[in-house]
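# Coordinates in review
One-letter residues, chain by chain:
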Amino acid sequence: EEVLRIERDTYSGRLRLQGKEHVDTCLAAENYAISLLKLQRYAEAKSVLSKTIPVVQRTLGKSAVITLKMRWVYAGTLYEDPDATLDDLREA
């Protein structure tokens, strides 16, 4: 939980100071989502990633390493969520 708080604070700070399109903000969002996934907080991880992935794709490109890693984490989030719907699994 302490790591999650640090990741959340880092992401919030980067978002406020650098904006949502800055690469450091994107990395902070990815780290925050990974922490959420590790704690099995799937809905929160899905929310962060679904907001961030389109921004990352637009600013860095669909084939950027950060974009691909975020999409991988998003797929893992959907796959591991016991409450995932069939549509969620297809999306993953």
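Residues numbered from 1 in each chain as written. Predicted model: local features only at pLDDT ≥ 70, side-chain atom pairs only at ≥ 80, totals over all residues. Heavy atoms only, no water.

## Some details on the packing of helix H2 (residues 23-38) against helix H3 (residues 42-60)
Two numbers describe how H2 lies on H3: the axes approach to 9 Å, and their chain directions differ by 155°. Taken together, H2 and H3 sit at an angle that is classed as roughly antiparallel. The chirality of how H2 crosses H3 is left-handed. Between H2, through Val 23, Cys 26, Ala 29, Tyr 32, Ala 33, Leu 36 and Leu 37, and H3, the contact on the second element is made entirely by Tyr 42, Glu 44, Ala 45, Val 48, Leu 49, Thr 52, Val 56 and Leu 60. In terms of residue class, the contact of H2 with H3 is built from 13 nonpolar, one polar and one charged. (Axes fitted to C-alpha atoms, helices over the stretch in contact; angles between N-to-C directions. Helix = DSSP H or I, 4+ residues; strand = E, 2+ residues; numbered from the N terminus. Parallel < 35°, antiparallel > 145°, perpendicular 65-115°, else oblique. Left-handed = near helix turned anticlockwise from the far one by under 90°. Contact = heavy atoms within 4.5 Å. Nonpolar A, V, L, I, M, F, W, Y, C, P; charged D, E, K, R; others polar.)

## Quick notes on the pattern of salt bridges
With the rule as written, the count across this model stands at nine salt bridges. A salt bridge links Lys 46 to Asp 88; the nearest nitrogen and oxygen atoms lie 3.1 Å apart. With Lys 46 in helix H3 and Asp 88 in helix H5 (residues 86-91), this pair connects stretches of sequence that are 42 residues apart. Across the pair Arg 90 and Asp 87 runs a salt bridge, and its minimum N-O distance is 3.1 Å. Residue Arg 90 and its partner Asp 87 are located together in helix H5, separated by three residues, close to a single helical turn. A single burial state applies to Arg 90 and to Asp 87, both of which are exposed. Salt bridges sharing partners connect three or more residues here, namely Glu 1, Arg 41 and Glu 44. (Salt bridge = Lys/Arg side-chain N within 4 Å of Asp/Glu carboxyl O. Buried < 20%, exposed > 50% of the residue type's maximum accessible area, 1.4 Å probe, protein only.)

## Notes on the packing of aromatic side chains
What the rule picks out here adds up to one aromatic pair. Residues Tyr 11 and Tyr 32 carry aromatic rings whose centres are separated by 6.0 Å and whose planes lie at 25° to one another, so their mutual orientation is stacked. Of the two residues, Tyr 11 sits in helix H1 (residues 2-18) while Tyr 32 sits in helix H2, which places them 21 residues apart along the sequence. (Phe/Tyr/Trp six-rings, centres within 6.5 Å; stacked < 30°, edge-to-face > 60°.)

## Comments concerning the packing of H2 against helix H4 (residues 65-80)
Interhelical geometry of H2 versus H4 gives an angle of 20° and a closest axis separation of 10 Å. One finds that H2 runs roughly parallel with respect to H4. For the crossing formed where H2 meets H4, the hand is left-handed. Here Val 23, Cys 26, Leu 27, Ala 29, Glu 30, Ile 34 and Leu 37 of H2 lie close against H4, whose contacting residues are Ile 66, Lys 69, Met 70, Val 73, Gly 76, Thr 77 and Glu 80. Counted by class, the contact of H2 with H4 contains nine nonpolar, two polar and three charged residues.

## A closer look at a nonpolar patch on the surface
On the surface, Val 23, Leu 27 and Leu 60 cluster together into a nonpolar patch covering about 200 Å² of accessible area. The residue Val 23 is located in helix H2 in this model. (Patch = residues over 30% accessible without salt bridge, like charges linked within 9 Å, V, L, I, M, F, W, Y side chains within 5 Å. Areas by Shrake-Rupley, 256 points an atom, 1.4 Å probe, with all protein chains shown as cover.)

## Observations concerning the nonpolar core
With 20 residues, the main nonpolar core has Tyr 32, Leu 36, Val 48, Leu 49 and Met 70 as its most contacted residues. For this core, the element with the most residues is H2, which contributes seven residues. Those residues within four positions of Met 70 in sequence are excluded, and the remaining contacts are Cys 26, Ala 29, Glu 30, Leu 49, Thr 52, Ile 53 and Val 56. (Core = buried A, V, L, I, M, F, W, Y, C linked by side-chain atoms within 4.5 Å.)

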